[in-house]
Amino acid sequence: MSSSSGGFNHASPAARGVDSPSPFRRLQHYRLVLNEIGRSLSDFRDTKEMVTAVRDAIVAHGDAYDKAEILHRDISSGNILITATGGQAHTERTVSTSPTIRTLLGTWQFMSARLLVVPTPGQQPAIPDRADDLESFFYVLVWIALRYTKHGFFKSALTDMLHAAFDHHYLEPCRSRERRSFSFINVPLRELIKTLAETFAVRYEKPPDEREIAKYNMILQQQAASRTPLEKLLSEQLIAESPVRKYMARQDDLKGYSWMGSELTTALQNSGWNEHGDHVKRDLSTPPPTQPMVPKTEGGADPISDDPFC
């Protein structure tokens with residue numbers, strides 16, 4: 001989880017505590033020199049190599065948490081490197097922290113929407129968890145794909161989209177992460193991002209209401225009472241198509257940690273990565289300074305719905 005030459009900040013437990021009387025956090029800066037020399041993730045040769053590097057970083061991230069109780073909390077496009085072999089990725093900085101620490105860390109553009117929600121008076125900030133870091137990996141994948149792969153967006157539209165999706169500060173939390181179709185030309189990459197977006201969207205969706213749950217439970221009862229193979233098959237189809245079942249399945253994915261790496265591994269086994277999978281260099285214009293977006297007003301546009309990933 002470290003680069004050939006990079007630093008990371010490690011706050012002592014006392015300095016990281018939310019009850020500390022000082023508003024400042026005491027940090028210690030470290031530098032490590034290792035054998036590996038890597039390329040930036042944005043310097044990938046093709047989309048398959050880029051996705052492979054992200055997958056490997058996710059695996060390393062999981063090992064760091066499971067084996068050393070380290071949660072990175074600053075996943076970004078600059079913190080993933082591709083080694084000379086082309087298949088490994090290392091994160092440049094690591095923040096060692098207890099999973100219960102509430103201190104907000106990370107790169108704004110890639111932090112989960114949940115962590116960016118400003119607490120109301122008297123409300124405690126959200127505690128970062130593994131799902132937040134995985135959501136950051138997703139934003140890194142989308143950002144790199146938009147900047148350096150083939151898609152159907154014109155230069156001006158792409159600049160505005162990147163600025164709106166990754167730089168703007170909204171006064172309302174994101175309600176969903178699946179609002180607009182993706183137009184990536186590389187089919188495996190497009191389908192992968194769509195699948196991941198649908199899973200992460202469940203973090204910001206409203207849970208099923210009582211009516212939907214009652215309908216789902218009725219289907220389960222009908223399945224239990226099925227007497228013929230046809231009745232059982234019809235019940236199974238209704239269960240699979242139920243919004244409640246889909247919601248529960250995506251919630252279960254987020255509770256587990258290996259699901260995202262498995263999704264990327266499965267996607268990498270698909271054919272089609274060589275078609276329109278080359279690296280694209282784009283010289284994008286500089287967007288205007290970031291301005292806070294106002295909440296939706298009556299008769300006005302909804303900045304959240306207009307955001308491609310919110």
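Conventions used here
Residues numbered from 1 in each chain as written. Predicted model: local features only at pLDDT ≥ 70, side-chain atom pairs only at ≥ 80, totals over all residues. Heavy atoms only, no water. Helix = DSSP H or I, 4+ residues; strand = E, 2+ residues; numbered from the N terminus. Buried < 20%, exposed > 50% of the residue type's maximum accessible area, 1.4 Å probe, protein only. Contact = heavy atoms within 4.5 Å. Areas by Shrake-Rupley, 256 points an atom, 1.4 Å probe, with all protein chains shown as cover. Phe/Tyr/Trp six-rings, centres within 6.5 Å; stacked < 30°, edge-to-face > 60°. Core = buried A, V, L, I, M, F, W, Y, C linked by side-chain atoms within 4.5 Å. Axes fitted to C-alpha atoms, helices over the stretch in contact; angles between N-to-C directions. Parallel < 35°, antiparallel > 145°, perpendicular 65-115°, else oblique. Nonpolar A, V, L, I, M, F, W, Y, C, P; charged D, E, K, R; others polar. Salt bridge = Lys/Arg side-chain N within 4 Å of Asp/Glu carboxyl O. Expected span 1.5 Å × (residues − 1). Polar contact = N/O pair within 3.5 Å; in protein donor to acceptor, adjacent residues only side chain to side chain. pLDDT = per-residue confidence, 0-100.

Turning our eyes to something else, we now look at the overall build of the chain. Secondary structure assignment for the chain yields eleven helices and seven strands. In the chain, which comprises 310 residues, the share counted as buried stands at 42%. A separation threshold of at least 6 residues defines the contact pool for the chain, and within that pool the share at least 24 residues apart is 76%. On the chain, roughly 17000 Å² of surface is accessible, and the fraction owed to carbon and sulfur atoms is 54%.

Right, let's talk about unusual backbone geometry for a bit. Positive phi values are uncommon outside glycine, yet E69 reaches one of about 55°. Given the relative accessible area of 61%, E69 is considered exposed. For H276, which is not a glycine, the phi torsion comes out positive at approximately 60°. Counting through the fold element by element, H276 comes out in the loop between helix 10 (259-268) and strand 7 (292-293).

Here we come to the packing of aromatic side chains. Tallying each qualifying case throughout the model produces six aromatic pairs. When the centroid spacing of 6.1 Å and the interplanar angle of 85° are considered together, the rings of F110 and W143 count as edge-to-face. Here F110 is found in the loop between strand 5 (89-91) and helix 3 (113-116), whereas its partner W143 is found in helix 4 (residues 130-148), with 33 residues between them in sequence. Ring centres of F110 and F166 lie 6.1 Å apart, and the angle between their planes is 55°; on these two criteria the pair is classed as tilted. With F110 in the loop between strand 5 and helix 3 and F166 in helix 5 (residues 155-166), this residue pair connects regions lying 56 residues apart in the sequence. Summarising the burial analysis for this pair, F110 and F166 share the class buried.

This part covers the environment of N217. As for its position among the elements, N217 is in helix 7 (residues 210-224). Using a relative accessible area of 34% as the deciding quantity, one classes N217 as partly exposed. Remark: the alpha-carbon pair of N217 and V244, spanning 27 residues in sequence, is separated by 9.6 Å.

Moving on, we come to the nonpolar core. As a rule of thumb, nonpolar side chains are buried together in soluble globular proteins. Counting residues in each nonpolar core, the largest one holds 46 residues, and the members touching the most others are L41, M50, V51, F137, F138, L141 and M260. When residues of this core are traced back to their parent elements, those giving at least two are helix 2 (47-68), strand 4 (80-82), helix 4, helix 5, helix 6 (187-201), helix 9 (243-255) and helix 10. Of the residues forming this core, the biggest block, eleven residues, is contributed by helix 4. The residues touching M50, leaving out its near neighbours within four places in the chain, are L41, F44, L141, I144 and L189.

Here we take up the environment of T107. Among the secondary structure elements, T107 is positioned in the loop between strand 5 and helix 3. Put simply, T107 and D74 are 33 residues apart on the chain and 5.9 Å apart in space, counted from C-alpha to C-alpha.

At their nearest, the axes of helix 7 and helix 9 sit 8 Å apart, and the two run at 95° to each other. Viewed along their axes, helix 7 and helix 9 adopt a mutual orientation that is roughly perpendicular. When helix 7 is examined against helix 9, the residues E212, I213 and Y216 are found in contact with a partner set consisting of V244, R245 and M248. Of the residues contributing to the contact of helix 7 with helix 9, the split by class is four nonpolar, no polar and two charged.

Okay, the pattern of salt bridges next. What the rule picks out here adds up to twelve salt bridges. Of the charged contacts in the structure, one is a salt bridge between R203 and D132, with a shortest N-O distance of 3.1 Å. Of this pair, R203 sits in the loop between helix 6 and helix 7 while D132 sits in helix 4, and the two are 71 residues apart along the sequence. We note a salt bridge from D278 to K150, for which the minimum N-O separation is 3.5 Å. Taken together, the residues span a long stretch of sequence, with D278 in the loop between helix 10 and strand 7 and K150 in the loop between helix 4 and helix 5 at a distance of 128 residues. What you see here is one network of salt bridges that share partners, running through R114, D129, D132, E135 and R203.

For helix 6, with 15 residues, the first-to-last C-alpha span of 21 Å sits near the 21 Å given by 1.5 Å per residue. By the burial criterion, the buried members of helix 6 are P188, L189, L192, I193, L196, A197, T199, F200 and A201. Contacts from the buried residues of helix 6 go to helix 2, helix 4, helix 9 and helix 10. Where helix 6 begins, the capping side chain belongs to N186, and its oxygen is found 3.1 Å from the backbone nitrogen of L189.

With that settled, the discussion passes to the confidence of the model for the chain. The share of residues in the chain with pLDDT of 70 or more is 72%, and the mean pLDDT across the chain is 76. Here helix 11 (residues 303-306) stands out as the least confident element of the chain, with mean pLDDT 32; helix 10 is the most confident, with 94. Low pLDDT, under 50, characterises residues 1-20; the predicted model gives this stretch 63 contacts beyond four residues in sequence or across chains.

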